[in-house]
Amino acid sequence: MGRNLIVFDLEWNIGYQPKTFRYHDTELTLRGEIIQIGAVRISESGEVLDTFEITLRPRIFRKLQRHIAKVTGMSQGDLDAGVPIAEGLARFVKWAGPDAEFAEWGLDDVPVLKQNLFLCGLDESWPTRWYDLQRIFLQAYPRKEGEGMTLESVVDRLGIEKQDPFHNALDDALYTVKVCRKLPLAEGLAAYPDEEAQLIEALLTDPDADYRDVQTWFGLMEHDAYKTDPALCRVTCPECGAALTLGDIWLKRGNTGYYTEGVCPQHGSWFVRFKLSRRDGLHWNFARCTEAISPDTYERWKRQEAAQRERMRRKAEKARAEALEDQ
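Summarised in this report is the structure supplied together with it. (Residues numbered from 1 in each chain as written. Predicted model: local features only at pLDDT ≥ 70, side-chain atom pairs only at ≥ 80, totals over all residues. Heavy atoms only, no water.)

### Digging into unusual backbone geometry
(1) Moving on: For the peptide bond that leads from Trp-126 to Pro-127, omega is -5°, which places it in the cis range.
(2) Moving on: Tracing the sequence through the fold places Pro-127 in the loop between helix H4 (109–119) and strand S8 (130–132).
(3) Moving on: Look at His-167: it is not a glycine, yet its phi comes out positive at around 70°.
(4) Moving on: Of note in this structure, Asp-213 is not a glycine but carries a positive phi near 50°.
(5) Moving on: With respect to the secondary-structure elements, Asp-213 resides in strand S9 (residues 211–220).
(6) Moving on: Given the relative accessible area of 31%, Asp-213 is considered partly exposed. (Helix = DSSP H or I, 4+ residues; strand = E, 2+ residues; numbered from the N terminus. Buried < 20%, exposed > 50% of the residue type's maximum accessible area, 1.4 Å probe, protein only.)

### Looking at H4
(1) Moving on: When you tally the buried positions in H4, you get 9 out of 11 residues, the bulk of the element.
(2) Moving on: The complete set of buried residues in H4 reads Asp-109, Val-110, Pro-111, Val-112, Leu-113, Lys-114, Gln-115, Asn-116 and Leu-117.
(3) Moving on: Looking at the residues trailing H4, positive phi occurs at Gly-121, about 75°.

### Considering the pairing of strand S7 (residues 100–104)
(1) Moving on: Of all the 5 residues making up S7, 5 are buried; the element is thus mostly covered by neighbouring parts of the structure.
(2) Moving on: Here S7 shows a buried face lined by Ala-100, Phe-102 and Glu-104 and a second buried face lined by Glu-101 and Ala-103.
(3) Moving on: Relative to S7, strand S1 (residues 4–13) runs parallel, the two being bridged by 4 bridges. In the strand pairing of S7, Ile-6 is matched with Phe-102.
(4) Moving on: Viewed along the sheet, the connection from S7 through H4 into S8 turns out right-handed. (Pairing = 2+ DSSP bridges. Right-handed = clockwise from strand over helix to strand, strands pointing away.)

### Topic: the side chain of Thr-26
(1) Moving on: Along the chain, Thr-26 turns up in strand S3 (residues 26–29).
(2) Moving on: Among residues more than four places away in sequence, those in contact with Thr-26 are Phe-21, Met-221 and Glu-222. (Contact = heavy atoms within 4.5 Å.)

### So, the side chain of Glu-33
(1) Moving on: Secondary-structure assignment places Glu-33 in strand S4 (residues 33–42).
(2) Moving on: Buried within the structure, Glu-33 lacks any salt-bridge partner; its nearest side chain of opposite charge belongs to Arg-59, at an N-O separation of 5.0 Å.
(3) Moving on: When neighbours within four sequence positions are excluded, Glu-33 is seen to be in contact with Trp-12, Asn-13, Pro-58, Arg-59, Ile-60, Phe-61, Ile-85 and Asn-116. (Lys, Arg positive; Asp, Glu negative; His and termini not counted. Salt bridge = Lys/Arg side-chain N within 4 Å of Asp/Glu carboxyl O.)

### Details of the nonpolar core
(1) Moving on: The biggest cluster of nonpolar side chains holds 27 residues, and the ones touching the most others in it are Trp-105, Phe-137, Val-179 and Leu-185.
(2) Moving on: At the level of elements, S1, S4, helix H5 (133–140), helix H6 (151–157), helix H7 (169–180) and helix H8 (185–190) are the ones that each hand at least two residues to this core.
(3) Moving on: Looking at this core element by element, the count peaks at 6 residues for H7.
(4) Moving on: Those residues within four positions of Phe-137 in sequence are excluded, and the remaining contacts are Trp-105, Met-149, Val-154, Arg-157, Leu-158, Val-179 and Leu-183.
(5) Moving on: In this structure, Phe-52, Phe-92, Val-112 and Trp-130 belong to the second largest nonpolar core, which totals 24 residues. (Core = buried A, V, L, I, M, F, W, Y, C linked by side-chain atoms within 4.5 Å.)

### Some words on the pattern of salt bridges
(1) Moving on: Going through the model one piece at a time under the given rule, you end up with 20 salt bridges.
(2) Moving on: Here Glu-239 ties to Arg-212 by a salt bridge, and the two come within 3.2 Å at their closest N and O atoms. Of the two residues, Glu-239 is situated in the loop between helix H11 (230–233) and strand S10 (245–246) and Arg-212 in strand S9; the sequence distance between them amounts to 27 residues.
(3) Moving on: Classification of Glu-239 as partly exposed rests on a relative accessible area of 46%.
(4) Moving on: Ionic contacts of the salt-bridge type, sharing partners, join the residues Asp-248, Lys-302, Glu-305 and Arg-309 into one network.

### A closer look at helix H9 (residues 195–203)
(1) Moving on: For H9, every residue scored as buried is listed here: Gln-198, Leu-199 and Leu-203. Each buried residue of H9 sits inside an arc of 135° when the element is viewed along its axis, so together they form one side.
(2) Moving on: Those residues of H9 that are buried are in contact with H5, S9, strand S13 (268–277) and strand S14 (284–292). (Arc of directions from axis to C-beta.)

### Brief notes about the packing of aromatic side chains
(1) Moving on: One pass over the structure, following the stated rule, counts 21 aromatic pairs.
(2) Moving on: Consider the rings of Phe-92 and Trp-126, whose centres lie 6.1 Å apart with planes at 75°: the pair is edge-to-face. Taken as a pair, Phe-92 in helix H3 (residues 85–96) and Trp-126 in the loop between H4 and S8 lie far apart in primary sequence, 34 residues in all.
(3) Moving on: The class of Trp-126 is buried, set by a relative accessible area of 8%.
(4) Moving on: For the ring pair Trp-105 and Phe-137, a centre distance of 5.6 Å and an interplane angle of 70° mean the geometry is edge-to-face. With Trp-105 in the loop between S7 and H4 and Phe-137 in helix H5, this residue pair connects regions lying 32 residues apart in the sequence.
(5) Moving on: On the accessibility criterion, Trp-105 (16% relative accessible area) is buried.
(6) Moving on: Through successive ring pairs, a cluster of aromatic residues spans Phe-8, Phe-52, Phe-92, Trp-95, Phe-102 and Trp-126. (Phe/Tyr/Trp six-rings, centres within 6.5 Å; stacked < 30°, edge-to-face > 60°.)

### Details of the pairing of S13
(1) Moving on: Across the 10 residues of S13, 8 count as buried, placing the element largely inside the fold.
(2) Moving on: Sheet topology places strand S12 (residues 257–264) next to S13; 8 bridges connect them, and they run antiparallel. From the neighbouring strand, Glu-261 faces S13, where its bridge partner is Phe-271.
(3) Moving on: Counting the residues that bridge the hairpin from S12 to S13 gives 3 residues.
(4) Moving on: In terms of strand pairing, S13 meets S14 through 8 bridges, oriented antiparallel. Considered in S14, the bridge of Trp-270 is made with Ala-292.
(5) Moving on: If you look at the hairpin formed by S13 and S14, you'll find 6 residues sitting between the two strands, and Gly-281 has a positive phi there, around 75°.

If you want it as structure tokens, here you go:
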């Protein structure tokens, strides 16, 4: 029996103020509350086997946000007439099946789905496997300068006829299926890296760097675990195994990359690098490595470290001054 592959799309509502919720004693920000699900079960050749479509009535963000209304064409009446969100999500889970593998255009929808499942008392560990179709698309059609990656721009690029509006969940899912038919989908899915491989790929970005001791951790709750959790921040020298003394300054690299200097008494300085990922919208995953330092990279590090210390000093001075004014 082949894989249970489902191409899906969500539309969700947001509030005019952020909403947080507790997940295993950690406060998370709700990315959005689902108001529409469109899904297509397909074969690996892109043949449509079944479809699913539902409009949901939210219980947190009950008022349709103006921007969402403009983009989706939905009305407040559509939401009010929708299936209660917990019931609708349960229907979707049943239709998709426990072995569903999801494919989406980008990586935005699964985190929203999992957050909403949790808030509705459903199993947020489902689905366990999902694919970003943009990744498979870019392997077949490398991006050229100025080319967009929205679903509509790719539909235009591939010459796919546009008969239905975009930002309707089922229509977007069906457009995505049409894109899939232009791809080596079966090969792309077979070669798709697992969570660990993706995380390591995102960490080891410099082909000329001397990376050592690559490790990964999954399912942690705290973003700052790379600085506070002994399992992550106790690092040893790649040469002798002695404990590295980590610096107090962490510099950012990209959106979710951090690094600091670690010093071995015998072998000197190394960079300790982390890459973080929160693909499921609930947990943090971490990859860590040590990197040999060259004179050039160390000189750049010291400049950036000094600049960071100066920013921290100014921020502390400003806070002290504001505190004095308030007295």
